Amino acid sequence: MSDEVVLLDTWGSMFGMRVKIALAEKDVKYEYMLEDLRNKSPLLLQMNPIHQKIPVLIHNAKPICESAIILQYIDEVWNHKPPIMPSRSDPYERAQARFWVDFIDKRVPYLMYNFS
Ligand SMILES: N[C@@H](CCC(=O)N[C@@H](CS)C(=O)NCC(=O)O)C(=O)O
């Protein structure tokens, strides 16, 4: 079965950028749909009814929400390509990677809304 992959994103989103980098690393072809966050599409509201935020990855009609979770999903599904996360045999390296994922999660919103 061929994969149908759609990414709902908006212009300039660091969270969307994370997902685009992961898809590029894995050489995944996808349809890119830009959302206007002041006028969210019915598709976004249907695919991410809880948070109503981008990015959303839609893989074979099934939505995956939250950029850090999307990265894990991409790593697990397209596992024939080099992994994004360090090897399971190196728990310390994995902890370091998770630290930086968490750092971006917590600090990017702060940096985006507190420039002044
Ligand atoms: N924790 C989310 C954050 C995503 C997020 O904040 N997306 C913003 C754009 S950068 C959004 O969709 N905002 C719309 C809204 O808050 O209504 C993730 O990592 O995916």
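Residues numbered from 1 in each chain as written. Predicted model: local features only at pLDDT ≥ 70, side-chain atom pairs only at ≥ 80, totals over all residues. Heavy atoms only, no water.

Per an unreviewed UniProt entry, the recorded name for the chain is Glutathione S-transferase, and the organism is Flemingia macrophylla. In UniProt, the chain has this text filed under Catalytic activity (unreviewed entry): "RX + glutathione = an S-substituted glutathione + a halide anion + H(+)". (UniProt positions renumbered as here; feature names shortened; annotations may be inferred.)

1. Brief notes about a nonpolar patch on the surface
There is a patch of nonpolar side chains on the surface, built from Phe99, Trp100, Phe103 and Ile104 and spanning about 390 Å² of accessible area. Tracing the sequence through the fold places isoleucine 104 in helix 4 (residues 91–113). A residue is classified by how much of its surface remains accessible, and isoleucine 104, at 32% relative accessible area, is partly exposed. (Patch = residues over 30% accessible without salt bridge, like charges linked within 9 Å, V, L, I, M, F, W, Y side chains within 5 Å. Areas by Shrake-Rupley, 256 points an atom, 1.4 Å probe, with all protein chains shown as cover. Salt bridge = Lys/Arg side-chain N within 4 Å of Asp/Glu carboxyl O. Helix = DSSP H or I, 4+ residues; strand = E, 2+ residues; numbered from the N terminus. Buried < 20%, exposed > 50% of the residue type's maximum accessible area, 1.4 Å probe, protein only.)

2. Some remarks on the site of the ligand
Within the structure, the ligand sits among Ser13, Phe15, Leu37, Lys40, Lys53, Ile54, Pro55, Glu66 and Ser67. In this structure, lysine 40 approaches the ligand through a side-chain N or O atom, which is 2.5 Å from an oxygen atom. One of the side-chain N or O atoms of glutamate 66 is found 2.7 Å from a nitrogen atom in the ligand. When its residues are assigned to classes, the shell around the ligand shows four nonpolar, two polar and three charged. (Near = heavy atom within 4 Å. Polar contact = N/O pair within 3.5 Å; in protein donor to acceptor, adjacent residues only side chain to side chain. Nonpolar A, V, L, I, M, F, W, Y, C, P; charged D, E, K, R; others polar.)

3. Observations concerning the UniProt feature "domain: GST N-terminal" (unreviewed entry) in the chain
Within this numbering scheme, the UniProt entry marks residues 3–82 as carrying the feature "domain: GST N-terminal" (unreviewed entry). Note that residues 3–82 is 36% helix and 21% strand, and that its end C-alpha atoms are spaced 19 Å apart.

4. Examining the pairing of strand 3 (residues 56–59)
What you see with strand 3 is no split at all: Val56 and Ile58 on one side and Leu57 and His59 on the other are buried throughout. As defined by bridge partners, strand 1 (residues 5–9) adjoins strand 3 across four bridges and the pair is classed as antiparallel. Directly across from leucine 8, in strand 3, lies its bridge partner valine 56. (Pairing = 2+ DSSP bridges.)

5. A word on the nonpolar core
Residues Val5, Leu7, Val19, Ala22, Leu23, Val28, Leu57, Ile64, Ile70, Leu71, Ile74 and Trp78 constitute the largest nonpolar core, which totals twelve residues. Among the secondary structure elements, those contributing two or more residues to this core are strand 1, helix 1 (14–25) and helix 3 (67–77). Beyond its immediate chain neighbours, meaning those up to four positions away, isoleucine 74 contacts Val19, Ala22, Leu23, Lys26 and Leu57. Formed by eight residues, the second largest nonpolar core is a distinct cluster that contains Met47, Ile54, Ile58 and Cys65. (Core = buried A, V, L, I, M, F, W, Y, C linked by side-chain atoms within 4.5 Å. Contact = heavy atoms within 4.5 Å.)

6. Some points on the environment of proline 49
With respect to the element layout, proline 49 can be found in the loop between helix 2 (42–47) and strand 3. Assessed through its relative accessible area of 48%, proline 49 is described here as partly exposed. Between the C-alpha atoms of proline 49 and cysteine 65, which are 16 residues apart in sequence, the distance is 9.8 Å.

7. Some details on the packing of aromatic side chains
The final tally for this structure, using the stated rule, is four aromatic pairs. Their ring planes at 90° and their centres at 5.0 Å tell us that phenylalanine 99 and tryptophan 100 sit as a pair that is edge-to-face. Here tryptophan 100 and phenylalanine 103 contribute two aromatic rings whose centre-to-centre distance is 5.2 Å and whose plane-to-plane angle is 70°, an arrangement assigned as edge-to-face. On the criterion of helical spacing, the pair formed by tryptophan 100 and phenylalanine 103 is a turn pair, its members being three residues apart in helix 4. Since its relative accessible area comes to 48%, tryptophan 100 is described here as partly exposed. An aromatic cluster is defined as three or more aromatic residues linked by ring pairs; in this entry it consists of Phe99, Trp100 and Phe103. (Phe/Tyr/Trp six-rings, centres within 6.5 Å; stacked < 30°, edge-to-face > 60°.)

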